[in-house]
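So the chains spell out like this:
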Amino acid sequence: MTSPLAAMEEFRPALLAILLRDLTAEGKPVEIPVRGSSMRPWLHDGDRVRLVPMTAAEMRVGDVVVRVHTAGPVIHRFVGRWPSRRGWRLLTKGDGAPRLDPPVRADELVGRVVARIREGRTQRLEGAGMRLRGRARAAVSLAAGLIHEAWQRTRRRPGPLGV
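The structure presented is a predicted model; accordingly, all values stated were derived computationally and were not measured.

Engineer: What should I look at first to understand the overall build of the chain in this one?
Structural biologist: Of regular secondary structure, the chain possesses 3 helices and 7 strands. Tracing the chain from N to C terminus, the helices and strands come up as α-α-β-β-β-β-β-β-β-α. Within the chain, the proportion of its 163 residues that are buried is 38%. Counting only contacts in the chain whose residues sit at least 6 apart along the sequence, the fraction spanning at least 24 positions is 57%. Summed over all atoms, the accessible surface of the chain reaches about 9800 Å², with 56% contributed by carbon and sulfur.

See the structure below:
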């Protein structure tokens, strides 16, 4: 049996991304656990989220999306697009995090969250009301992230956007 420490040393984000993409593309329900507090108050450590496949064309501001980082899956809200020399990048941010995440390409996202499972109860994220709430949270989150970036720049500590 592999120890948890050995398993952590063998973590391969690229393989997890492929697995999540394959499972969601086959239409199989995929649930992953939430770790951390960057999406508080909406997601708590220990919640689970259900994913579906998503293309860049289907993505809407306010959607909660999943990307695979070197430390594991990151579940954050899509808050906008950012121009770069290599095309548009997507901006994500945790609802409870002060900073924007570094911009990502659309192909770095592996799915969209459609439900939260907490203590055996499922809350779906689809529907006009939940989408409107998501967009409002995205607007507030983007504004807070940009203000934080500007503040850091005045203190000579540029963030991931280099703002």
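Engineer: Please clarify how the pairing of strand β6 (residues 109–118) should be interpreted in this entry.
Structural biologist: Consecutive side chains of a regular strand alternate in pointing toward one face of the sheet and then the other. In terms of burial, β6 is a largely internal element, 10 of the 10 residues being buried. For strand β2 (residues 48–52) and β6, the ladder comprises 5 bridges, and the chain directions are antiparallel. Of the residues in β6, the one forming a bridge with R48 is I117. Two elements, strand β3 (residues 64–69) and β6, share 3 bridges in a ladder whose sense is antiparallel. Note on β6: the bridge partner recorded for R67 is L109. Judged from the 4 bridges that link them, β6 and strand β7 (residues 121–124) form a sheet pairing that is antiparallel.

Engineer: Help me out: how do you make sense of the pattern of salt bridges in this one?
Structural biologist: When the charged atoms of two side chains lie near each other, side chains of opposite charge can form a pair. All chains considered together, the criterion is met by 9 salt bridges. E31 serves as the salt-bridge partner of R48, at 3.6 Å between the closest nitrogen and oxygen. Here R48 is found in strand β2, whereas its partner E31 is found in strand β1 (residues 30–33), with 17 residues between them in sequence. Residue R48 is classed as partly exposed on the basis of its relative accessible area of 32%. Put simply, R131 and D63 hold a salt bridge, and the shortest N to O gap is 3.0 Å. You can see R131 sitting in helix α3 (residues 128–154) and its partner D63 sitting in the loop between β2 and β3, a full 68 residues away along the chain. Note on R131: relative accessible area 26%, which makes it partly exposed. When its relative accessible area of 8% is taken as the criterion, D63 is described as buried.

What counts, and at which threshold
Residues numbered from 1 in each chain as written. Predicted model: local features only at pLDDT ≥ 70, side-chain atom pairs only at ≥ 80, totals over all residues. Heavy atoms only, no water. Helix = DSSP H or I, 4+ residues; strand = E, 2+ residues; numbered from the N terminus. Buried < 20%, exposed > 50% of the residue type's maximum accessible area, 1.4 Å probe, protein only. Contact = heavy atoms within 4.5 Å. Areas by Shrake-Rupley, 256 points an atom, 1.4 Å probe, with all protein chains shown as cover. Pairing = 2+ DSSP bridges. Salt bridge = Lys/Arg side-chain N within 4 Å of Asp/Glu carboxyl O.

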